[in-house]
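Here is what each chain is made of, one letter per residue.
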Amino acid sequence: MARSKARESRSQKLAIHGGPKAKTTPYRTGKRFGRDELKELKEALAQNTLFYAHGTKVRQFCTEFAAKYGKKYAVACTSGTASIHVALGAVGVTCGDEVITSVLTDAGGFIPVLYQNAVPIFADIDPRTYDMTAETIAAKITPRTKAVVVVHLAGNAADMDPILKLCRRKKLYVIEDCAQTWNGLYKGRLAGTMGHIGCYSLNDYKHLSVGDGGAILTDNLRLAKRAALFTDKCYSRNMWGVRTGGGCAFLAPNYRMSELCGAVALAQLRKVDWICERRNRMGKLLTRLIEDTPGILPPAITPGAESSNWYYMMRVDEKTLGVSRDAFMKALMAEGVPAGMYLRRVDQYPLFRKMSIYPPQKDGFVAPYDLPVYKPGRIKYRRQECPNVDLVLKTAVIIQMREFYSDRDIRETAAAIRKVAEYYLAKKSGSSKRR
Ligand SMILES: *Cc1c(COP(=O)(O)O)cnc(C)c1O
């Protein structure tokens, strides 16, 4: 009784009820693009060509990116989605294949699978790290499985050792989707360097931005060559960018990065370390400041991993706090914290629920699912097959992260989270005492 009284008096009036905001100062901001980008852009324009095969910027970006990550080859392309497509094209994913990826990812993770006339299969996630695991992947492997696109979500690398072991045993290609995990570390290794191909996005939301862009990394010369052809309509070129050979040898789109993007990518790449180190530090600080708060579940970092915190996704224990996630999130936003929840499980998107992949579909035929190789009707995306993702999506709150935030911003964010949690804890223990 006394303790709950003390707690009640300690809890402050929420901003949503007219109290003062816990976030007392605006979040620090900064400029993502500056002199370095401008210098590279001017040089690109001075070349009198913006074509990657005739200029130097895209090539130099690839050279520096590969060297920085300790890989032999990098190939630039136009988006993270394109980078996944390029990887699938390089390893030869085609009609009749299944590709396993996470149920919690960007649409860019499954769109290219369907464009290859292959079928995406969705693996569940770990409820605390939010990454797919060897167990959730193993549950989805069939004789048709050709590759696994491992999603490293929100800056936190998946537990790769068991995944690599599983895929080696099953002879599957491992493609790492690092769109949200630039500079993610796993047991001293960089995310994107452990599988056959690592894929990266440079869209404007990601750690690095060229507006829209992407790239892949690999050590395998055969895959690198195929990837380069796959970004460029299967045109093979000599070192002067002149076309050689007799024309398209296989089907490939045009995902060529322009020299303007290459120029900005070069300048952005030189900032990736401080951006990711800063985000890593802030994530750790925030976790340290809120981890003892009852009812708050900070994200679990994979053992041996260092997260680059693209965003910070925590969960609320609705039972302990006696409040719904939505009400908690509203209260937190009122305190001045940029909180939200925009993730969805991709297997329940309308195109899968209605099987409207390539509308209009003639005679109810849904390609590629109804092709004889897939045994029509066999593949169904059932909600109950991925229970953990529902648990996460029902209870998660995403806190936006920016490399420009100060430590004070993080301390005030933590104070806001604790304030809201303590208010509801006190309210709950008060009402249970009165009963
Ligand atoms: C952003 C993202 C992509 C797609 O990148 P785009 O550049 O937007 O095409 C793919 N996978 C994941 C996990 C992403 O977050």
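Thresholds applied
- Residues numbered from 1 in each chain as written.
- Predicted model: local features only at pLDDT ≥ 70, side-chain atom pairs only at ≥ 80, totals over all residues.
- Heavy atoms only, no water.
- 1 Å grid on protein atoms, 1.4 Å probe; cavity = no way out; pocket = protein on both sides within 12 Å on 5 of 7 lines; lining within 4 Å.
- Points joined across faces, edges and corners; volume = space filled by probe spheres on them.
- Helix = DSSP H or I, 4+ residues; strand = E, 2+ residues; numbered from the N terminus.
- Nonpolar A, V, L, I, M, F, W, Y, C, P; charged D, E, K, R; others polar.
- Buried < 20%, exposed > 50% of the residue type's maximum accessible area, 1.4 Å probe, protein only.
- Pairing = 2+ DSSP bridges.
- Contact = heavy atoms within 4.5 Å.
- Axes fitted to C-alpha atoms, helices over the stretch in contact; angles between N-to-C directions.
- pLDDT = per-residue confidence, 0-100.
- Near = heavy atom within 4 Å.
- Polar contact = N/O pair within 3.5 Å; in protein donor to acceptor, adjacent residues only side chain to side chain.
- Salt bridge = Lys/Arg side-chain N within 4 Å of Asp/Glu carboxyl O.
- Core = buried A, V, L, I, M, F, W, Y, C linked by side-chain atoms within 4.5 Å.

### Concerning the layout of surface pockets
Item 1. Of the voids in this model, the largest pocket is the one considered here, and its volume is about 820 Å³.
Item 2. Lining the largest pocket are 27 residues, and of these Tyr-52, Arg-59, Ala-74, Val-75 and Ala-228 sit closest to its centre.
Item 3. Listed by contribution, the elements that provide at least two residues to the lining of the largest pocket are helix H3 (57–68), strand E1 (73–77), helix H8 (221–230) and strand E10 (236–237).
Item 4. Taken as a whole, the second largest pocket encloses approximately 590 Å³ of empty space.
Item 5. Of all the secondary-structure elements, those providing two or more residues to the lining of the second largest pocket are strand E15 (339–340) and strand E16 (396–400).
Item 6. For the lining of the second largest pocket, a count of residues per class yields 13 nonpolar, eight polar and nine charged.

### A look at the pairing of E1
Item 1. For E1, a buried count of four out of five residues is recorded, marking the element as mostly surrounded by other parts of the structure.
Item 2. Summarising the sheet, E1 and strand E9 (residues 214–218) pair through five bridges and their orientation is antiparallel. Note on E9: the bridge partner recorded for Tyr-73 is Thr-218.

### Looking at the sheet that holds strand E14 (residues 311–316)
Item 1. The sheet built from four strands is open, its strands ordered E12-E14-E16-E15 with antiparallel pairing. Pairing within the sheet leaves two strands with one partner each, and these edge strands are strand E12 (296–297) and E15.
Item 2. In terms of strand pairing, E12 meets E14 through two bridges, oriented antiparallel. In the sheet register, Ile-296 faces E14, and the bridge partner there is Val-316.
Item 3. On top of the sheet, helix H10 (residues 272–290) reaches E12 and E14; it is set at about 20° to E14, its chief contact.
Item 4. Where helix H14 (residues 387–395) meets the sheet, it contacts E14 and E16, and its direction lies at approximately 95° from that of E14.

### Some details on empty space enclosed by the protein
Item 1. Across all of its chains, the model carries two cavities of 30 Å³ or more by this definition.
Item 2. As a volume, the largest cavity reaches approximately 80 Å³.
Item 3. Looking at the lining of the largest cavity, its residues break down into nine nonpolar, four polar and no charged.
Item 4. Volume-wise, the second largest cavity comes out at about 40 Å³.
Item 5. For the second largest cavity, the full set of lining residues is Thr-105, Asp-106, Val-151, His-152, Asp-177, Ala-179 and Gln-180.
Item 6. Residue composition of the lining of the second largest cavity, grouped by class: two nonpolar, three polar and two charged.

### Focus on the confidence of the model for the protein
Item 1. Summary statistics for the protein give a mean pLDDT of 95 and a share of 97% for residues scoring 70 or more.
Item 2. Ranking the elements of the protein by mean pLDDT puts helix H1 (residues 2–10) last, at 49, and strand E5 (residues 173–177) first, at 99.

### So, the environment of Ala-215
Item 1. Considering the arrangement of structural elements, one finds Ala-215 in strand E9.
Item 2. Once the C-alpha coordinates of Ala-215 and Arg-32 are considered, the two residues, 183 residues apart in sequence, prove to be 20 Å apart.

### Quick look at the site of the ligand
Item 1. Taken together, Ser-79, Gly-80, Thr-81, Thr-105, Asp-106, Val-151, Asp-177, Ala-179, Gln-180, Ser-201, Asn-203 and Lys-206 make up all the residues around the ligand.
Item 2. Residue Thr-81 places a side-chain N or O atom 2.5 Å away from an oxygen atom belonging to the ligand.
Item 3. At a separation of 2.9 Å, an oxygen atom of the ligand approaches a polar side-chain atom of Gln-180.
Item 4. Taken together, the residues of the shell around the ligand sort by class into two nonpolar, seven polar and three charged.

### Some words on the pattern of salt bridges
Item 1. Counted according to the given criterion, the structure contains 29 salt bridges.
Item 2. For Asp-232, the salt bridge goes to Arg-256, with nearest N and O atoms at 2.8 Å. Note that Asp-232 is positioned in the loop between H8 and E10 and Arg-256 in the loop between strand E11 (243–244) and helix H9 (259–269), a separation of 24 residues in sequence.
Item 3. Asp-232 gets classed as buried once you look at its relative accessible area, which sits at 0%.
Item 4. Of the charged contacts in the structure, one is a salt bridge between Asp-407 and Arg-278, with a shortest N-O distance of 2.9 Å. Here the residue Asp-407 occupies a position in helix H15 (residues 407–434), and Arg-278 occupies one in helix H10, the gap between them amounting to 129 residues.
Item 5. Looking at Arg-278, the relative accessible area reads 14%, which means it is buried.
Item 6. Each of Lys-39, Glu-40, Glu-43, Lys-57, Glu-64 and Arg-270 takes part in salt bridges that share partners, so that together they form one network.

### Concerning the nonpolar core
Item 1. Counting residues in each nonpolar core, the largest one holds 135 residues, and the members touching the most others are Phe-65, Trp-182, Met-313, Met-314, Phe-328, Leu-332 and Tyr-369.
Item 2. Considering each element in turn, this core owes the most residues, nine residues, to H15.
Item 3. Not counting chain neighbours up to four residues away, the residues in contact with Met-313 comprise Leu-104, Tyr-130, Leu-153, Pro-299, Met-341, Leu-343, Val-392, Ala-396, Val-397 and Ile-398.

### Focus: the sheet that holds strand E7 (residues 189–190)
Item 1. Taken in spatial order, the three strands of this open sheet run E7-E6-E13, and their pairing is antiparallel. Because the sheet does not close on itself, it has two edges, and the strands there are E7 and strand E13 (305–306).
Item 2. Sheet analysis places strand E6 (residues 185–186) next to E7, joined by two bridges and oriented antiparallel. The residue bridging Tyr-186 from the neighbouring strand is Arg-189, located in E7.

### Things to note about unusual backbone geometry
Item 1. Residues Pro-359 and Pro-360 are joined by a peptide bond in cis, for which omega reads -5°.
Item 2. Counting through the fold element by element, Pro-360 comes out in the loop between helix H13 (350–353) and H14.
Item 3. Here the residue pair Ala-367 and Pro-368 is connected by a cis peptide bond, since its omega of 0° sits within 30 degrees of zero.
Item 4. Assignment of secondary structure puts Pro-368 in the loop between H13 and H14.
Item 5. Phi angles above zero are rare outside glycine, and Cys-234 is one such case at about 65°.
Item 6. Secondary-structure assignment places Cys-234 in the loop between H8 and E10.
Item 7. The class for Cys-234 is buried, based on a relative accessible area of 2%.
Item 8. Even without a glycine there, the phi angle at Asp-363 is positive, about 55°.
Item 9. The topology assignment puts Asp-363 in the loop between H13 and H14.
Item 10. You can call Asp-363 exposed: its relative accessible area is 81%.

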